[in-house]
Amino acid sequence: AQSVTQPDIHITVSEGASLELRCNYSYGATPYLFWYVQSPGQGLQLLLKYFSGDTLVQGIKGFEAEFKRSQSSFNLRKPSVHWSDAAEYFCAVGPIINTGTASKLTFGTGTRLQVTL
Amino acid sequence: NAGVTQTPKFRILKIGQSMTLQCTQDMNHNYMYWYRQDPGMGLKLIYYSVGAGITDKGEVPNGYNVSRSTTEDFPLRLELAAPSQTSVYFCASSYRPARQETQYFGPGTRLLVL
């Protein structure tokens, strides 16, 4: 069964500092990979996704993520964090092969980002 | 274009009461989903639908029911509310299966069962 691990429950960074949020997955093959962001009181919004090709993926709001097959990781990065980036970030994986269900998108438990001024 | 809308935003239920969480999308998406989010946990899929008239169970369907009579609407029904159903519920939709496509989420319904 596929699984996603986000080892950091809570991260605090200073505004302007760089950010890296970790995501490791367990799956038999390379899955589809996603990063979603949830601002307080809001639903989730897609930041970026990886299906195939270039392992460095660019997303919205200046975020990027790098797929590393050898490490089963899909870490999210941002060179310079803004106070508005404070939110909860979820990594998710989905199987490439249709398992017969519409989703089976598996979410990690999330990392809460706090930004200090 | 409102995207995915959910009502109500917040509700308190007594044990044993029933209620329907409403979800509507105006993007003509075939796929719709209901998730619950518990503190410190990721989202868990409750039910999903691949089109009008077609629904199926997700990971945690017990205690819930759904219907999909139109493309736009996907209500979630709680028949006998239990404290374990205290959670935040998110509805989402996508044009293609979520495993390979962007999902669009509603703002959520916070439910408290006492």
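**Observations regarding the overall build of chain B**
So, point 1. Along the backbone of chain B there are 0 helices and 11 strands.
So, point 2. In sequence order, chain B lays out its α and β elements as β-β-β-β-β-β-β-β-β-β-β.
So, point 3. Relative to the 2.2 N^0.38 estimate, which gives 13 Å for 114 residues, the radius of gyration of chain B is 13 Å and therefore close to what a compact globule would have.
So, point 4. Considering only residue pairs separated by 6 or more positions, chain B has 55% of its internal contacts joining residues 24 or more positions apart.
So, point 5. For chain B, the accessible surface area stands at approximately 5,200 Å², while carbon and sulfur atoms represent 52% of it.
So, point 6. Positive and negative side-chain charges in chain B, numbering 11 and 8 respectively, have mean positions lying 7 Å apart.

**Here's the deal with the side chain of S94 of chain B**
All names here are of chain B.
So, point 1. Summarising the element assignment, S94 is placed in strand β9 (residues 87–94).
So, point 2. At a separation of 2.8 Å, a polar atom in the side chain of S94 contacts the side chain of Y33.
So, point 3. Filtering out sequence-adjacent residues up to four positions away, S94 remains in contact with H29, N30, Y31, Y33, E101, T102 and Q103.

**Quick notes on unusual backbone geometry**
Residues other than glycine predominantly adopt negative phi, and peptide bonds predominantly adopt the trans conformation.
Residues and elements named next belong to chain B.
So, point 1. The peptide bond linking T7 to P8 adopts the cis configuration, its omega dihedral lying at -5°.
So, point 2. The residue P8 is located in the loop between β1 (4–7) and β2 (10–13) in this model.
So, point 3. In this model, N28 sits at a positive phi of 60°, which is unusual for a non-glycine residue.
So, point 4. With respect to the helices and strands, N28 occurs in the loop between β3 (19–25) and β4 (31–37).

Reading the values: the criteria
Residues numbered from 1 in each chain as written. Chains lettered and ligands numbered in written order. Predicted model: local features only at pLDDT ≥ 70, side-chain atom pairs only at ≥ 80, totals over all residues. Heavy atoms only, no water. Helix = DSSP H or I, 4+ residues; strand = E, 2+ residues; numbered from the N terminus. Rg over C-alpha atoms; globule rule 2.2 N^0.38 Å. Contact = heavy atoms within 4.5 Å. Areas by Shrake-Rupley, 256 points an atom, 1.4 Å probe, with all protein chains shown as cover. Lys, Arg positive; Asp, Glu negative; His and termini not counted. Charge placed at Lys NZ, Arg CZ, Asp CG, Glu CD. Polar contact = N/O pair within 3.5 Å; in protein donor to acceptor, adjacent residues only side chain to side chain.

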